[in-house]
Protein chains: 2
Amino acid sequence: MNETGGPIVPFNNRDPVYLQVVRHFKVEIATGKLTAGQVIPSRRELAALMNINPNTAQKAYKEMEDQLLIVTEGNSPSRVTTDERILGVVREELISEAVDAFVASVRLIGVPVDELLHVVKRKYETMHSQHKEAES
Amino acid sequence: MNETGGPIVPFNNRDPVYLQVVRHFKVEIATGKLTAGQVIPSRRELAALMNINPNTAQKAYKEMEDQLLIVTEGNSPSRVTTDERILGVVREELISEAVDAFVASVRLIGVPVDELLHVVKRKYETMHSQHKEAES
DNA sequence: GTGTGTGTACTATGTAGTTCATACACCAAT
DNA sequence: ATTGGTGTATGAACTACATAGTACACACAC
């Protein structure tokens, strides 16, 4: 599998790869696996790791630099920003974006709040247990 | 506005237009605005209504026929299927798809269920009140 | 029959977005 | 200075989608 050169990492095909890479790093930051000032792989290293094109990695890093998530001085390896104010909102941003998209998609259907919350809770716990099973 | 020939209806630009048209009809069905056996506009009428290309309308209708949502006999106008089993699951499908996508997007972040439900509820009620304001 | 409207099918074109291939400038170590 | 590693820039290639244009077969009304 993956002889075709496609990405290894859990990528869907609806969203651009470079944005999914950005999201991947945001999750790493939000969950504390990446901390302030920590060095991240070079463009080419990341490309090899994720089996994507170096330019795609570059585009993702460029996007993260525009969002002030990472910093790059000269040609030393890029690092996660040390600005705690920025890091602190990453988690909330991720959650908020997901919730916004979700609510927007069900708004027109007119689902009662109670039913909605119930379905979410059920699905969430189901996936969580499946996740645990997969790891064991 | 819309002199350019773009769609009038609330379409985003990430998803293909024809799929958003399909979704539009599914919502109409789910909310009871479209009922079993009801006649829907012809391809050319819909194209004029939504300000899209007739081929895009055709593609949407073709997709709905493949999903057995509508039926077309000869060249009489297409109608919503009378199969209640199919109509009955449209609403649940819409909700389930939205929930699946949502849960998948937040799963990696590891948000506690309680926090998640709280944020959803807050956002949902906010949007709902805004919706009411916009209508008044 | 004529005309109009239906669904359907096919090709071609334009466009936007993504990814790829390549090249360049810089720095550091050997 | 040469080699190998950075980050960076640019243009080509490719894909998906929407659109335009045209055509055909059918049915119903006049």
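Refer to the structure printed above.
Cut-offs applied
- Residues numbered from 1 in each chain as written.
- Chains lettered and ligands numbered in written order.
- Predicted model: local features only at pLDDT ≥ 70, side-chain atom pairs only at ≥ 80, totals over all residues.
- Heavy atoms only, no water.
- Buried < 20%, exposed > 50% of the residue type's maximum accessible area, 1.4 Å probe, protein only.
- Near = heavy atom within 4 Å.
- Polar contact = N/O pair within 3.5 Å; in protein donor to acceptor, adjacent residues only side chain to side chain.
- Helix = DSSP H or I, 4+ residues; strand = E, 2+ residues; numbered from the N terminus.
- Core = buried A, V, L, I, M, F, W, Y, C linked by side-chain atoms within 4.5 Å.
- Contact = heavy atoms within 4.5 Å.
- Least-squares fit on C-alpha atoms with pLDDT ≥ 70 in both.
- Nonpolar A, V, L, I, M, F, W, Y, C, P; charged D, E, K, R; others polar.
- Axes fitted to C-alpha atoms, helices over the stretch in contact; angles between N-to-C directions.
- Parallel < 35°, antiparallel > 145°, perpendicular 65-115°, else oblique.
- Left-handed = near helix turned anticlockwise from the far one by under 90°.
- Phe/Tyr/Trp six-rings, centres within 6.5 Å; stacked < 30°, edge-to-face > 60°.
- Buried area = accessible area lost by both parts, 1.4 Å probe.
- Salt bridge = Lys/Arg side-chain N within 4 Å of Asp/Glu carboxyl O.

Looking at this structure, how should I read unusual backbone geometry?
Glycine aside, residues mostly have negative phi angles, and peptide bonds mostly take the trans form. Residue N51 of chain A is not a glycine yet carries a positive backbone phi of 60 degrees. N51 of chain A sits in the partly exposed class, given a relative accessible area of 23%.

Explanation requested: the protein's contact with DNA strand D in the structure shown.
Near DNA strand D lie 17 residues; those nearest to it are P16, V17, N53, T56 and N75 of chain B. Within 4 Å of the protein, the contacting atoms of DNA strand D are drawn from sugar and phosphate to the extent of 61%. Here N75 of chain B contributes a side-chain N or O atom positioned 2.3 Å from a base oxygen of DNA strand D. Contributing elements (two or more residues each) for the surface near DNA strand D: helix 2 (43-50) and helix 3 (54-66) of chain A together with helix 1 (17-30) and helix 3 (54-66) of chain B. Tallying contributions element by element places helix 2 of chain A first for the surface near DNA strand D, with three residues.

Could you clarify how one ought to interpret the nonpolar core in this entry?
Within soluble globular proteins, side chains that are nonpolar generally end up buried alongside one another. F25 and F102 of chain A together with F25 and F102 of chain B are the most contacted members of the largest nonpolar core, which has 73 residues in total. If sequence neighbours within four positions are ignored, F102 of chain A has contacts with L116 and V120 of chain A together with A98, V99, F102 and V120 of chain B.

Help me understand the relation of the copies chain A and chain B in this model?
Mapping one chain copy onto the other needs a rotation about an axis and a shift along that axis. Note on the copies: chain A fits chain B at an RMSD of 0.2 Å, the axial shift is 0.1 Å, and the rotation between them is 179 degrees. Taken together, these values place the two copies in the relation of a two-fold axis. Taken as a fraction of all interface residues of chain A, those also at the interface in chain B reach 100%, which identifies the copy contact as same-surface.

What is the right way to read the protein's contact with DNA strand C from this model?
Every one of the 21 residues lining DNA strand C counts as a neighbour, but P16, V17, N53 and N55 of chain A together with R43 of chain B are closest to it. Backbone atoms, meaning sugar and phosphate, make up 61% of the atoms of DNA strand C lying within 4 Å of the protein. With respect to DNA strand C, the side chain of S42 of chain B contributes an N or O atom lying 3.2 Å from a phosphate oxygen. N75 of chain B has a polar side-chain atom sitting 3.2 Å from a base nitrogen of DNA strand C. Where the surface near DNA strand C is concerned, the elements lending two or more residues are helix 1 (17-30) and helix 3 of chain A together with helix 2 (43-50) and helix 3 of chain B. Among the residues forming the surface near DNA strand C, the class breakdown is three nonpolar, eleven polar and seven charged.

In this structure, what is going on with the packing of helix 2 of chain A against helix 3 of chain A? I would like to understand it.
Helices that pack against each other are described as a pair by the angle of their axes relative to one another and the distance between those axes. Residue and element names in this part refer to chain A. For the pair helix 2 and helix 3, the least separation of the axes is 8 Å and the interaxial angle reads 120 degrees. Accordingly, the angle class assigned to the pair helix 2 and helix 3 is oblique. Helix-helix and strand crossings are classified by hand; for helix 2 and helix 3 the assignment is right-handed. Across the interface between the two elements, R43, L46 and A47 of helix 2 pack against P54, A57, Q58, Y61 and E65 of helix 3. Partitioned by chemical class, the residues of the contact of helix 2 with helix 3 number five nonpolar, one polar and two charged.

Would you mind showing me how to read the packing of aromatic side chains here?
To describe a pair of aromatic rings, one takes the distance between the centres and the angle between the planes. Counting across every chain of the model gives three aromatic pairs over all chains. Ring centres of F102 of chain A and F102 of chain B lie 4.5 Å apart, and the angle between their planes is 10 degrees; on these two criteria the pair is classed as stacked. Here F102 of chain A is found in helix 4 (residues 84-107), whereas its partner F102 of chain B is found in helix 4 (residues 84-107) on a different chain. Both residues of the pair, F102 of chain A and F102 of chain B, belong to the buried class. Arranged with centres 5.8 Å apart and planes meeting at 85 degrees, the rings of F25 of chain B and Y61 of chain B form a pair that is edge-to-face. Remark: Y61 of chain B occurs in helix 3 and F25 of chain B occurs in helix 1; sequence separation between them is 36 residues. Each member of the pair, F25 of chain B as well as Y61 of chain B, carries the same accessibility label: buried.

How should I be thinking about the side chain of T81 of chain A in this particular structure?
Within the secondary structure, T81 of chain A is located in the loop between strand 2 (79-80) and helix 4. Once residues lying within four places of it in the same chain are set aside, the contact partners of T81 of chain A are A36, G37, L68, L69, I70, I86 and L87 of chain A.

Sorry if this is basic, but what is going on with the interface of chain A and chain B here?
Reports often express the size of an interface as the amount of accessible area lost when the parts come together. Listed as interface residues are 34 residues of chain A and, on the opposing side, 34 residues of chain B. For the pair chain A and chain B, the summed buried area comes to about 3,600 Å², and 72% of that belongs to carbon and sulfur atoms. If you look at where chain A meets chain B, you find five salt bridges. E115 of chain B is paired through a salt bridge with R91 of chain A; the nearest N and O atoms lie 2.5 Å apart. Across the contact surface, chain A and chain B share eight residue pairs in polar contact (both at pLDDT 80 or more). Sorting the residues of the side of chain A that touches chain B by element identifies helix 1, helix 4 and helix 5 (113-135) of chain A as the ones contributing at least two each. Of the residues belonging to the side of chain A that touches chain B, the class tally is 21 nonpolar, four polar and nine charged.

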